[in-house]
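Examination of the molecular architecture
So you can see what is in the structure, the chains are spelled out below.
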Amino acid sequence: MPVDTKAATDRLMRFLSVEGVTGQEAAIGRELTAALKESGVPAKAIRLDDANTRIPVPTETGNLIVDLPGRGALHNQPRIMFMTHMDTVPLCAGARPKKSGRKIVNEAKTALGGDNRCGCGVLVTLAAELEKQKLDHPPITLLFCVREESGLYGARHVKLDELGAPVMAFNYDGGSASNVVVGAVGADRWTVEIFGRASHAGVAPERGISATMIMALALAEVKAGGWFGKVVKGKQQGTSNVGPVTGGEGRPAGDATNVVTDYVHVRGECRSHDGKFFKEITKAYKAAFEKAAKKVTNAQGKSGKVKFKAQTDYYPFRMKESLPVVKRAIAAVSAVGGTPNVRAANGGLDANWMVRHGIPTVTFGAGQNEAHTIDEWINLDEYDRACALALQLATMR
């Protein structure tokens, strides 16, 4: 079952040339639809869902879903699903892909968008090859998710009855096509609003309550307690990070150097493969901010206040190698000449939500390298292997 690698690469170059940063996927959705139709997929088999109406941040379009009926001797076998995400990080805006030997590189000083135009190329190539070669396969659902990069929202908000009840799924998002990713971390995202009291920093600093100082004391306590960065507590491990520090809505924290800062807004995250431990890390941050607020007082004895909010972005999972989806994945990687590398990921994947929805999902790479950086490039050998792997997964008996 050879794959037309030139056509597959041409598709990838085509998709890389279409901008579609997270939340603004309408244009790439149209391009994918056109490419699917050109590959022989009937228009009635292609649709957009309404997940964007349930996503809590502005999103141009819903997930793109494709139904491929079964064919031949496998037509009545249980449905399987292939999925990827069609958004890129904002850093990809303005990318100019260029083929250079067995790589695709970027002529612009932006990220390239291989994460995850590579996955899009694999799924459309799968549909094209199944049709071109008239191969036997079970019913297949193709799912192209929106807003993966900004919170896995498309996978989180898809309606299961839209997917046709697949018994297993294969997600494309990563580097090596031989990686069989069977687990991933869970994560909290948190925000804290710190409320101080403004005062003239030169005339009457004692009347003020510095929100900046509250933040500094809190973060110092978090660091001293071993809760920042790589977190190891006995046998439990996780990570945490402090992200943007602003005055809210992107404004600077504080108005001027001669005014005691009365408001600071901080965002951060906590991760772990242990579903309880990342909550413990979040709890440590909350306690540190609350303690620091009580410590910072003015001459009148008034202290600062904090409002700490946390929400779970996605839940950790780890599938057993005895599951049919994992067995199929390992066998398929071996069948296309790879050496299966069964592992867990330290980042969140759309698979986190698919598993949460009850659809066991393995994730493979498709040639991405240095994703989310201006040094991003695509390994075409791995991309070709990913396309061959998808065809193997779809047709194996």
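Conventions and cut-offs
Residues numbered from 1 in each chain as written. Predicted model: local features only at pLDDT ≥ 70, side-chain atom pairs only at ≥ 80, totals over all residues. Heavy atoms only, no water. Core = buried A, V, L, I, M, F, W, Y, C linked by side-chain atoms within 4.5 Å. Buried < 20%, exposed > 50% of the residue type's maximum accessible area, 1.4 Å probe, protein only. Phe/Tyr/Trp six-rings, centres within 6.5 Å; stacked < 30°, edge-to-face > 60°. Helix = DSSP H or I, 4+ residues; strand = E, 2+ residues; numbered from the N terminus. Lys NZ or Arg CZ within 6 Å of the ring centre and 35° of its normal. Pairing = 2+ DSSP bridges. Axes fitted to C-alpha atoms, helices over the stretch in contact; angles between N-to-C directions. Contact = heavy atoms within 4.5 Å. Disulfide = S-S within 2.5 Å. UniProt positions renumbered as here; feature names shortened; annotations may be inferred. 1 Å grid on protein atoms, 1.4 Å probe; cavity = no way out; pocket = protein on both sides within 12 Å on 5 of 7 lines; lining within 4 Å. Points joined across faces, edges and corners; volume = space filled by probe spheres on them. Nonpolar A, V, L, I, M, F, W, Y, C, P; charged D, E, K, R; others polar.

Turning to the nonpolar core, a few remarks are in order. Ranked by size, the top nonpolar core spans 68 residues in total, and within it Phe82, Leu142, Phe144 and Tyr172 carry the most contacts. Residues Ala211, Val231, Ala292 and Ala293 belong to the second largest nonpolar core, which totals 25 residues.

So, on to the packing of aromatic side chains. With the rule as written, the count across this model stands at ten aromatic pairs. Where tyrosine 172 meets phenylalanine 364, the ring centres are 5.7 Å apart and the plane angle is 40°; that geometry is what we call tilted. Linking tyrosine 172 in strand β7 (residues 168-172) with phenylalanine 364 in strand β16 (residues 361-364), this pair joins segments that are 192 residues apart in sequence. As far as burial versus exposure is concerned, tyrosine 172 and phenylalanine 364 are alike and both buried. Through successive ring pairs, a cluster of aromatic residues spans Phe82, Phe170, Tyr172 and Phe364. Across from the ring centre of tryptophan 377, 4.4 Å away, lies the NZ or CZ of lysine 103, which sits over that ring. Against the face of tyrosine 315 rests arginine 356, its NZ or CZ located 3.6 Å from the ring centre.

Right, let's get into the sheet that holds strand β11 (residues 236-246). The strand order across the open sheet formed by five strands is β10-β11-β12-β9-β13, and the pairing between neighbours is antiparallel. If you trace the sheet from one side to the other, it starts and ends with β10 (229-233) and β13 (305-314), each paired once. Going across the sheet, the axis of each strand differs from the next one's by a mean of 25°, ignoring polarity. Relative to β13, helix α6 (residues 277-295) is tilted by about 170°, and along the sheet it contacts β9 (186-195), β10, β11, β12 (263-272) and β13.

A few words now on the state of the cysteines. Applying the stated rule across the entire model yields zero disulfides. The closest cysteine sulfur to the non-disulfide-bonded cysteine 92 is located on cysteine 118, 11 Å from its own sulfur. No disulfide involves cysteine 118; its sulfur sits 9.0 Å from that of cysteine 387, the nearest cysteine. Given a relative accessible area of 0%, cysteine 118 falls into the buried group.

Next up on the list: the UniProt feature "domain: Peptidase M20 dimerisation" (unreviewed entry) in the chain. As annotated by UniProt and renumbered to match this structure, "domain: Peptidase M20 dimerisation" (unreviewed entry) occupies residues 183-295. Secondary structure content for residues 183-295 is 29% helix and 34% strand, and the end C-alpha separation is 41 Å.

Side chains of strand β5 (residues 103-106) alternate between two faces, with Ile104 and Asn106 buried and Lys103 and Val105 left unburied. Both strand β4 (residues 97-100) and β5 contribute to a ladder of four bridges, which runs antiparallel. From the neighbouring strand, proline 97 faces β5, where its bridge partner is asparagine 106. Counting the residues that bridge the hairpin from β4 to β5 gives two residues, and of these glycine 101 lies at a positive phi of roughly 65°. Where β5 lies against strand β18 (residues 377-379), two bridges are found, and the strand directions are antiparallel. Looking at the pairing, isoleucine 104 lines up with isoleucine 378 of β18.

As a further point, take empty space enclosed by the protein. Applying the stated criterion across every chain yields a total of one cavity of 30 Å³ or more. There is about 40 Å³ of room inside the largest cavity. Forming the boundary of the largest cavity are Ala177, Ser178, Val333, Val336, Gly338, Arg385 and Leu389. Residues that form the lining of the largest cavity fall into these classes: four nonpolar, two polar and one charged.

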